Amino acid sequence: MLEKLLKESTYTVIYTGAGMSTESGLPDFRSSQTGLWEQKDPAQVASTEALNRDVETFFQFYRERVLGVKDCEPHEGYQILAKWEKEGLIQSIITQNVDGFHAEAGSKNIMELHGTLQKVHCQTCKKEYGSEMYEQEHFYCECGGKLRPSVILFGESLPEEPFMKAAEESEKADLFIVIGSSLTVTPANQFPLIAKECGAKLVIINLEPTHFDHHADIVIHDQKAGQVLKELDEEIFK
Ligand code: APR
């Protein structure tokens, strides 16, 4: 069924969350036991308030995540999505992830709703640096300001450009596939609904149920993202 939808659709948009990177070795946020927010309160480590009130904890939390991304790499599912874009099977990827794995695997048309861990910038003068500054524990700008990852912190609004583009892509989609997201964070979780309301078929591939499952045409809970993508790819390109 999903293979048929993929082949027949003319404008397929993929929407990914942290569940797309667990098979690369990066923890997600809300899986029971292993999710990052199961161990830490995001307000204490991933918010503008934490950056201002408890900057050492903030620096160490994000340095660990920067090192984690450097130690891991995009799994085969990422390569498959990049191939599908080249083959014209999918048109774009909206991602909540900040690991940069879609670009690293070769995808081109990507909207990073929550920014990226690949860069840091000065909270004061906005100067940008590579995330190796955090690797090397350089947490301050030449101007003396604090360096913070170029991710969207809790309490900050989403970057205008990817957000607007994601809305356009969601309206254009005739097939919208969610992969590895609990769909619990607004406004990022609105895009599957926009796509559905504009007539797209909605597919949710996620190990746990989501609150949006009842809107979906197909729901896959019993297979990991990498496995679903691999089997689909083998079917379509056999
Ligand atoms: N295959 C399929 N689903 C998976 C896999 C996998 N291999 N691994 C985990 N999952 C599912 C989990 O069951 C979970 O429901 O992926 C989902 C990930 O959900 P979250 O951890 O909430 O991640 P996400 O939806 O991306 O979070 C959104 O929250 O904290 C913010 O900014 C952060 O971008 C993040 C946002």
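See the structure shown above.
Reference entry: report on the structure contained in this document. Not measured: the values here are computed from a predicted model.

Notes on the pattern of salt bridges
Move 1: Under the counting rule described, the total for this entry stands at 12 salt bridges.
Move 2: One salt bridge connects Lys70 with Glu135, and the closest N-O pair in it is separated by 3.6 Å. Of this pair, Lys70 sits in helix 5 (residues 55–71) while Glu135 sits in helix 8 (residues 132–135), and the two are 65 residues apart along the sequence.
Move 3: On the accessibility criterion, Lys70 (39% relative accessible area) is partly exposed.
Move 4: Exposure remark for Glu135: the relative accessible area of 28% places this residue in the partly exposed category.

Topic: the nonpolar core
Move 1: Membership of the largest hydrophobic core comes to 53 residues, with the highest contact counts inside it found for Leu6, Tyr62, Leu81, Trp84, Tyr134, Ile177 and Ile179.
Move 2: With seven residues, helix 5 is the largest single contributor of residues to this core.
Move 3: Here Ile179 is in contact with Ile14, Tyr15, Thr16, Gly17, Met20, Leu81, Ile205, Ala225 and Leu229, once residues within four sequence places are set aside.

Points about the sheet that holds strand 6 (residues 147–151)
Move 1: One open sheet holds the three strands; their spatial order is 5-4-6, and the pairing between them is antiparallel. At either margin of the open sheet sits one strand with a lone partner, and together these are strand 5 (128–130) and strand 6. Ignoring strand direction, the axes of neighbouring strands in this sheet form an average angle of 45°.
Move 2: As paired strands, strand 4 (residues 115–122) and strand 6 are joined by five bridges and run antiparallel to one another. Note that in strand 6 the partner of Cys122 across the bridge is Leu147.

Definitions and limits used
Residues numbered from 1 in each chain as written. Predicted model: local features only at pLDDT ≥ 70, side-chain atom pairs only at ≥ 80, totals over all residues. Heavy atoms only, no water. Salt bridge = Lys/Arg side-chain N within 4 Å of Asp/Glu carboxyl O. Helix = DSSP H or I, 4+ residues; strand = E, 2+ residues; numbered from the N terminus. Buried < 20%, exposed > 50% of the residue type's maximum accessible area, 1.4 Å probe, protein only. Core = buried A, V, L, I, M, F, W, Y, C linked by side-chain atoms within 4.5 Å. Contact = heavy atoms within 4.5 Å. Pairing = 2+ DSSP bridges. Axes fitted to C-alpha atoms, helices over the stretch in contact; angles between N-to-C directions.

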